[in-house]
Amino acid sequence: MIIERRWKKWVYFYIPMTVFVIGTLFPFYWMFITAIRPDAELYRSWRAANNAPFWTFHPTLEHVRDLLEKTSFPYWIWNTFFIAVVSTMVSLFCGLLAGYALARLKFPMAGTLGTSIFVTYLVPPTLLFIPLADIIRSFQLGDTPWALILTYPTFLIPFCTWLLLGYFKTIAKELEECARIDGATRFGAMIRIIFPIAVPGILSAGIFAFTLSWNEFIYALVFLSSPEKKTVPVGVVSELIRGDIYFWGQLMAGALLGSVPVALVYSFFVEYSVTGLTGSVKG
Amino acid sequence: MKKPIAGGSATRVEVAVARPQASSRPQRPGLLENERVLAGVLLTPTVVLLGMFIAYPFVMGVWLALSSTSVGNPGQFVGLKNFVKAWNDSIFRTAFWNTCWYTGWATIFKLSLGMWLAILLNRNFRGKRLVRASMLLPFIIPTVLSTFAWRWMFDPTFSVLNWLLYRGGFIVNKLPFLSDGTYGLWCAIAVNTWRGMPFFAISLLAGLQTINPDLHEAASLDGANAWHRFWHVTWPLLKPVTLVVVVFSIIQTFSDFQLIYVLTGGGPANSTHLIATYAYQIGVATGLLGEGAAISLFMLPVLFVVVWLQLRYLRRLEGA
């Protein structure tokens, strides 16, 4: 063990750590305090003498109520949830099968195919949104959730495939071979032996796919147009700002409520998600 | 089959040869028993989806970029005109250099701060799990929503940061966070760093945890100080993870759209555009699909080099 003096521990550990924690979490605190602050307190000069920006003695739920009753926010939450869940399931389905094939089966072009799936992971949505908008229009999918359910897998599948591919490689081949000696088919061994073992990998891929599709912005911005069909990020950007006026209380309430579902999903599975993340980096 | 096992016990040898026998068993050999057929079936959904929504749009994007298409006008082939026009456009040039500047600095900050944070998180302290989990929040929360919080913090009239700096006695007049192009870009770099640093930290932390503490102990017995220990022990072992993370981050940052779209909208006076936001402005907001597609294709050479380097590096790792 490397022994340290006390003051050194403060200088090299406690102080920087505190700065990191405050710096990371302050914007969220600011979101929260803005969301519950009455308008009269919100818009005061930054030099006002009695300005106490970090807390409020008159917390209010007015902004939240406005958001839920006067805007389409509840629709946006539902839309985002529906799109995220369905596109995550589609991507997990494709990723599981493709990951298994690339990890376990021998077939011509396996290397090329694996590489090209990996390369598609590195093609950013911002490179493709203009032609994709055209394609979505010609398929008559514009302004429907299906426009997003079909396009989100383009960045989720490569990610799921590579994460699960790495996971399958850690599972001993002998397990499958034993099952096949006992009379299981190849397909049966995959479904009944390998997939159940891979559940932790599937969960972490699912969590990340869910958060990625909850966060997606540019496709949703370009493909959707009716206010009640939008997702949370797009709705907050385009519907909560009227003209040039920012209603910061409502905006921050929207940002906070729109973040809660992902934060919850993440906190329930924090262990899985961290191992998954690190696994995907190592793989 | 692994070679050392085959030479081992008799039972293992049997396992090793079991595979060819399985198909000659009396049970009916279904089509799915053939590896090639099964692989084809398993890969079909992925190949179809990626082909339809990545490969096809990509080809179409190249075609659009070479044509004069706009909304409601099918357009015709115009060769490289759109690319030449973009390159001669001063806003595009600003956007291009902004993108490089933004990517460069944000990556440097994310890497150095992420490394520092990873080293801090690698120690034992009370509340370690809680701190580690909460550090990932900026990475999990939708970028658009957290960027709105930053925009509010940078507000020209009600900025809390100005208030803090003023109260702390650092400034007399408020700083023009988003109403000045140079400040605006640095603000965007700061927000991007805030958002991306946790990913670096957690990935590097995973790398740090695989390093044997005995190595550090040995080095410190030999008289190495903390900096030497980091530079000669930790860093060489972390390099592979770091490279992968940096490449992913460069791609994400270089193609960034949402952060600038929310924070500055490319303004003031188009001084903070990135390639992606400018492509959006021309291609979607103005409706000039051809020119917009050409602008976004300018990202390709840079992404191509980065991806090529990464693939080469991964190959070398696999070969080693």
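Only a predicted model underlies this, so the values are computations on that prediction, with no experimental measurement involved.

Caption draft 1: Layout of the overall build of chain B. When helices and strands are counted, chain B shows 16 helices and zero strands. Relative to the compact-globule value of 20 Å for 320 residues, chain B shows a C-alpha radius of gyration of 27 Å, a clear excess of over 25%. If one aligns the C-alpha atoms of chain B with their principal axes, the spans along those axes are about 80 × 70 × 30 Å. Looking at chain B residue by residue over its 320 residues, the buried ones come to 39%. Looking at chain B alone, contacts between residues at least 24 apart form 66% of all its contacts between residues at least 6 apart.

Caption draft 2: Inspection of the packing of helix H5 (residues 110-121) of chain A against helix H3 (residues 35-65) of chain B at higher detail. At a minimum axis separation of 12 Å, H5(A) and H3(B) run at an interaxial angle of 45 degrees. On the basis of the axis angle, H5(A) is oblique to H3(B). The interaxial crossing formed by H5(A) with H3(B) has left-handed handedness. Listed contacts from H3(B) to Leu113(A), Ile117(A) and Thr120(A) of H5(A) are Leu43(B), Thr46(B), Leu50(B) and Ile54(B).

Caption draft 3: Broad picture of the packing of helix H6 (residues 125-138) of chain A against H3(B). Viewed as axis vectors pointing N to C, H6(A) and H3(B) meet at an angle of 105 degrees, and their least axial separation amounts to 8 Å. What the angle tells us is that H6(A) and H3(B) run roughly perpendicular. Packed against H6(A), whose contacting residues are Leu128(A), Ile130(A), Pro131(A), Leu132(A), Asp134(A) and Ile135(A), the element H3(B) presents Phe53(B), Ile54(B), Tyr56(B), Pro57(B), Phe58(B), Met60(B), Gly61(B) and Leu64(B) at the interface. Of the residues that constitute the contact of H6(A) with H3(B), the class distribution is 12 nonpolar, one polar and one charged.

Caption draft 4: Looking closely at the domain arrangement of chain B. The assigned domain composition of chain B is domain 1 (4-54) and domain 2 (76-319). Here the C-alpha centroids of domain 1 of chain B and domain 2 of chain B sit 43 Å apart.

Caption draft 5: Inspection of the interface of chain A and chain B at higher detail. Listed per partner, the contact involves 81 residues of chain A and 82 residues of chain B. When residues in the side of chain A that touches chain B are grouped by element, the largest group, 12 residues, is from helix H1 (residues 6-35) of chain A. Each residue belonging to the side of chain A that touches chain B can be placed in one class, and the counts come to 57 nonpolar, 17 polar and seven charged.

Caption draft 6: Structural detail: the confidence of the model for chain B. Residues and elements named next belong to chain B. Of the residues in chain B, 90% reach a pLDDT of 70 or more, and the chain-wide mean stands at 85. By mean pLDDT, helix H1 (residues 3-6) is the weakest element of chain B at 40, and helix H5 (residues 90-121) is the strongest at 95. Counted against residues more than four places away or in other chains, residues 1-27, with its pLDDT under 50, gives 17 contacts.

Caption draft 7: The arrangement of H5(A) in detail. Residue and element names in this part refer to chain A. The end-to-end C-alpha separation of H5 is 17 Å, in line with the 16 Å expected for 12 residues at 1.5 Å each. Taken as a whole, H5 has its buried residues at Ile 117, Thr 120 and Tyr 121. Looking straight down H5, one finds that the buried residues subtend no more than 115 degrees of arc, so they occupy a single side. What points out from H5, more than 90 degrees from its buried face, is the exposed set Gly 111 and Thr 112.

Caption draft 8: Structural detail: the nonpolar core. In this structure, Leu164(A), Met252(A), Ala201(B) and Ile275(B) are the most contacted members of the largest nonpolar core, which totals 155 residues. Of all the elements, helix H4 (residues 73-104) of chain A adds the most residues to this core, at 14 residues. Leave out the neighbours within four places in its chain, and Leu164(A) touches Gly95(A), Leu96(A), Gly99(A), Ala198(A), Gly201(A), Ile202(A) and Ala205(A).

Caption draft 9: Local environment of unusual backbone geometry. All names here are of chain B. In this structure, the amide linkage connecting Gly 267 to the following residue, Pro 268, adopts the cis form with an omega of -5 degrees. Its identity is not glycine, yet Asn 270 carries a phi of approximately 60 degrees, on the positive side. With respect to the helices and strands, the residue Asn 270 is situated in the loop between helix H13 (258-263) and helix H14 (275-285). Owing to 19 C-beta atoms within 10 Å, Asn 270 belongs among the partly exposed residues under this scheme.

Quick notes on the rules
- Along every chain, residues carry numbers that run from 1 in the direction the sequence is written.
- Here every chain gets a letter starting at A, and every ligand a number starting at 1, in the order they are written.
- It should be noted that, the model being predicted, local features are given only for residues of pLDDT at least 70 and side-chain atom pairs only at 80 or more, the latter also being counted only at that level, while totals for whole chains, interfaces and linings use all residues.
- Note on conventions: DSSP H or I runs of at least 4 residues are helices, E runs of at least 2 residues are strands, and numbering of each starts at the N terminus.
- Each radius of gyration is computed over the set of C-alpha atoms, and the globule rule expresses the reference value as 2.2 Å times the number of residues to the power 0.38.
- In this scheme every C-beta is placed from the backbone, and a residue whose C-beta has 20 or more other C-beta atoms within 10 Å is buried, one with 12 or fewer is exposed, and one in between is partly exposed.
- By definition, residues are in contact whenever their C-beta atoms, placed on the basis of the backbone, come within 7 Å of each other.
- Note on geometry: axes are lines fitted to C-alpha atoms, helical ones only across the stretch in contact, with angles between N-to-C directions running from 0 to 180 degrees.
- Angles are sorted into four bins: roughly parallel if under 35 degrees, roughly antiparallel if over 145, roughly perpendicular if 65 to 115, and oblique for all others.
- Whether a crossing is left-handed or right-handed is set by the direction in which the near helix is turned from the far one by less than a right angle, anticlockwise for left-handed and clockwise for right-handed.
- Ten residue types, Ala, Val, Leu, Ile, Met, Phe, Trp, Tyr, Cys and Pro, are classed as nonpolar, four, Asp, Glu, Lys and Arg, as charged, and the remainder, Gly among them, as polar.
- Domain start and end points were adopted from an automatic or database domain assignment.
- By definition, pLDDT measures how confident the predictor is in each residue, and it falls between 0 and 100.
- The span you would expect from a helix comes to 1.5 Å times its residue count less one.
- Our arc is simply the arc of the directions from the helix axis toward the C-beta atoms.
- Put simply, a nonpolar core is buried Ala, Val, Leu, Ile, Met, Phe, Trp, Tyr and Cys residues tied into one set by C-beta atoms within 7 Å.

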